[in-house]
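Observations on chain architecture
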Amino acid sequence: MQLQAKERLPQLDLFRAFAIFSVIQVHATSYAAGWQALEAPGFYFYNWMNIFFRIGTSSFIFLSSFVLFYNYYDKPVNQSLIGRFYKKRLTYIILPYILVSFCYFLVVVWIQRDFLNQSVAQLLQSLVVKLLTGTAYTHLYFIFISIQFYILFPLLLGLVQWMRNRNWPAFWIFPAGLAVQWAFFFWNKYHLELPNKGSYAPSYMSFYMLGAVVAIYFEPIKAWLTTAWNQATSRQKIGTVLLWGSWLILSFVDVQLYYAFRTGAYAAGTTTFELVWNAHLLLSALVLMKAAFLMHRKGTKFWVRALTRLGELSFAIYLFHPVVLLVYRMFRNRLAGDQIAVAYFFFILGGSACALFLSWIFVQVCFKRLPFASVFLGSVPGSLKRRKEQPLQDTASSASVNVNM
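This structure is a prediction, so every number in the text was calculated from the model and none was measured. (Residues numbered from 1 in each chain as written. Predicted model: local features only at pLDDT ≥ 70, side-chain atom pairs only at ≥ 80, totals over all residues. Heavy atoms only, no water.)

**Section: the overall build of the protein chain**
Condition: The way it works is that DSSP assigns letters per residue, a run of H or I at least four long becomes a helix, a run of E at least two long becomes a strand, and they are numbered from the N terminus. Remark: exposure states derive from per-residue accessible area (1.4 Å probe, protein chains only) relative to the maximum for the residue type, with buried under 20%, exposed over 50%, and partly exposed in between. Accessible surface is estimated by sampling points in the Shrake-Rupley manner with a 1.4 Å probe; for residues, cover comes only from the protein chains shown.
Helix and strand content of the protein chain: 17 helices and zero strands. If one aligns the C-alpha atoms of the protein chain with their principal axes, the spans along those axes are about 70 × 50 × 50 Å. Buried residues in the protein chain amount to 50% of all 405 residues. Accessible area for the protein chain stands at about 20300 Å²; split by element, carbon and sulfur atoms hold 67% of it.

**Considering the packing of aromatic side chains**
Quick reminder of the rule: Only rings of Phe, Tyr and Trp enter the pairing, Trp through its six-membered ring, and a pair is recorded when the two centres are within 6.5 Å. The plane angle decides the type: under 30 degrees is stacked, over 60 is edge-to-face, the rest tilted. Any Lys NZ or Arg CZ found within 6 Å of a ring centre and within 35 degrees of that ring's normal is scored as a charge over the ring.
Applying the stated criterion to the full structure yields 47 aromatic pairs. On the numbers, 5.2 Å between centres and 80 degrees between planes, the contact of F69 with F153 is edge-to-face. Of this pair, F69 sits in helix α4 (residues 56-72) while F153 sits in helix α7 (residues 141-165), placing them 84 residues apart in sequence. The pair F69 / F153 is uniform in exposure class, with both members buried. Here F69 and Y208 contribute two aromatic rings whose centre-to-centre distance is 6.4 Å and whose plane-to-plane angle is 75 degrees, an arrangement assigned as edge-to-face. Taken together, the residues span a long stretch of sequence, with F69 in helix α4 and Y208 in helix α9 (residues 205-216) at a distance of 139 residues. Across this residue pair, the class does not change: F69 and Y208 are buried. Across the ring face of W110, the terminal group of R113 is positioned such that the distance to the ring centre comes to 4.6 Å.

**Regarding unusual backbone geometry**
Backbone geometry places N167, a non-glycine residue, at a positive phi of 60 degrees. Residue classification places N167 among the exposed positions, given a relative accessible area of 71%. A positive phi angle, near 55 degrees, is found at E193, a position not held by glycine. Turning to its location among the elements, E193 is positioned in the loop between α8 (173-192) and α9.

**Here's the deal with the state of the cysteines**
We count it as follows: When two cysteine sulfur atoms lie within 2.5 Å, the pair is treated as a disulfide.
Scanning the model with the defined rule gives zero disulfides in all. The thiol sulfur of C103 is not disulfide-bonded, and the nearest other cysteine sulfur, from C366, lies at 12 Å. The class for C103 is partly exposed, based on a relative accessible area of 38%. By relative accessible area, which is 8% here, C366 ends up buried.

**A few points about the environment of V213**
Put simply, the rule is: In this analysis, two residues are considered to be in contact whenever any of their non-hydrogen atoms come within 4.5 Å of each other.
With respect to the helices and strands, the residue V213 is situated in helix α9. With residues near it in sequence (within four places) discarded, V213 still touches A170, F171, I173 and F174.

Take a look at the structure:
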């Protein structure tokens, strides 16, 4: 018997819009919060933007898992399913990743003048290493993580279906994901000492498993997401208050920890940083899901339509926006005068706005005007396709990230 297609969830595009906005805030403030504005009067604000909004990567991982399990949980894992699954990812994720990585690699080689002191063989070897580690440019590590999860997905899907057939609660995959993530953290801390721990899938296993659990139990969760406050049950209201309240508290703690560390006032241990980061971002994924459903229900037509388009384009914007920031930051050394602190403040905000809107315009024009845009930027959003059927929820780009930080 053919399985009925799952309900399309337009709220997920709003989720993607919130996540890509967050990613851009982090990238726009990376220099300011890292070292450039450490002595500036507005440093607390730069640090706040940089830490409060660093929810993009983990939220996209959560959403990727949610979409995949939402679409595939009831389907049998067989050769046909696996073949279709990997064909989509190869076409709309891996191919753009390879091509965009190559372009960024050339940009970095040109800026650093590596072609003057390295042979062609050395440059090619460096390119291969960067492709295999997601390090061709600072933001591409996330697609590298997504590819790792694509490799694992059929195995994880088979596992949860096996648990279902034996009447074992699928909820237990979330604490299992937490255990894997923290085992990897301590293994790396005391033995591996990998400098780029965040480029490996086990570092985000709790987010991936949380997305799977929400997808598997989505029917009861959907009632909480779609019910207005004045119609909610006492349990739903308590859950909402606890979620938003604990999220705000942990967001504040996370920001303060980094502010104290960066200013030299206090340095917490790496385990404390990891624990606060993990709890803060797990709650953030649920908050974004709740906010997306709330915006879809209460938002004006203009904002829902605009954010939906932003969410549809988020994967392409993620790939391209560092180009805008790279060019934009070439002007930062021209800031001078008595009002440099004020000028720098607006410079940071301007970088965020340019990265968002110029990237948005660029990728939308590419999808509309260039027939080969999908080769570099991922699948064409359904709303930009002419005379074509609306795609299913599981397009490769929407399932993966629509990526982020």
